[in-house]
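Read off the chains here:
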Amino acid sequence: MCEEVTELLALTEKLADLETRLKNSENQIAELRNKGRTQVIFSAEAGPRGDIGPYNTETTFIYQRVITNIGNAYSGATGIFSAPVAGVYYFTIFHHAGGKPGTELYLYKNSQRMVVTQDHPAVHETAHNGGNAVFLQLNQGDQVYVRMSANTHVWGSNYHTTFSGFLVSQM
């Protein structure tokens, strides 16, 4: 009977040691997976331009002042975000303007309109604000950008008009 108890204690110790080693291995695997994940976060502002627009045609809006660009997926030269990896991304657009001629900004995925932020022209209003947000499933290389509708405008200074996004989940 003593021999069986000793053997049982030895097996219990060995099992506890194996459980500890398994847990440590699982933690190391989780750390390696997280290190291999791509981080993508950007935020850009229209820049020190004051009143922007109106233009005669719909125009890609270039947010010139890049605030944050982890992953370098947003181009301040073109106003275009290019997805470095496939995944689900979250984007926001906000605008500030006032009076005539109103505001209309569209967020595009490739060449497809996804969401809009808009305010109608106002004669007696000195300022208006608007915004929108969307989750988009993107493939690597997909492009997301904002276009301003013809005959509309925004205010482009003091960080009022912004475009931001980040990778929520890599696929």
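Before reading further, recall that the structure is shown in the block above.
Residues numbered from 1 in each chain as written. Predicted model: local features only at pLDDT ≥ 70, side-chain atom pairs only at ≥ 80, totals over all residues. Heavy atoms only, no water.

Some details on the environment of Gln64
Alright, step 1. In this fold, Gln64 is placed in the loop between β3 (59–60) and β4 (65–70).
Alright, step 2. Among the residues examined, Gln64 registers a relative accessible area of 43% and is labelled partly exposed.
Alright, step 3. Sequence separation between Gln64 and Pro48 is 16 residues; the distance between their C-alpha atoms is 8.4 Å.
Alright, step 4. Aside from chain neighbours lying at most four places away, what touches Gln64 is Glu45, Ala46, Arg49 and Gly76. (Helix = DSSP H or I, 4+ residues; strand = E, 2+ residues; numbered from the N terminus. Buried < 20%, exposed > 50% of the residue type's maximum accessible area, 1.4 Å probe, protein only. Contact = heavy atoms within 4.5 Å.)

Brief notes about unusual backbone geometry
Alright, step 1. In this structure, the amide linkage connecting Gly53 to the following residue, Pro54, adopts the cis form with an omega of 0 degrees.
Alright, step 2. Within the fold, Pro54 resides in the loop between β2 (51–52) and β3.
Alright, step 3. Residue Asn151 is not a glycine yet carries a positive backbone phi of 65 degrees.
Alright, step 4. Relative to the assigned elements, Asn151 resides in the loop between β10 (143–148) and β11 (154–155).
Alright, step 5. Residue Asn151 is classed as partly exposed on the basis of its relative accessible area of 49%.

Overview of the pairing of strand β6 (residues 87–97)
Alright, step 1. Among the eleven residues that make up β6, eight are buried, leaving the element largely enclosed by the rest of the structure.
Alright, step 2. The sheet contact formed by β6 and strand β12 (residues 162–170) spans eight bridges and is antiparallel. Following the sheet pairing, Ile93 is matched in β12 by Phe163. (Pairing = 2+ DSSP bridges.)

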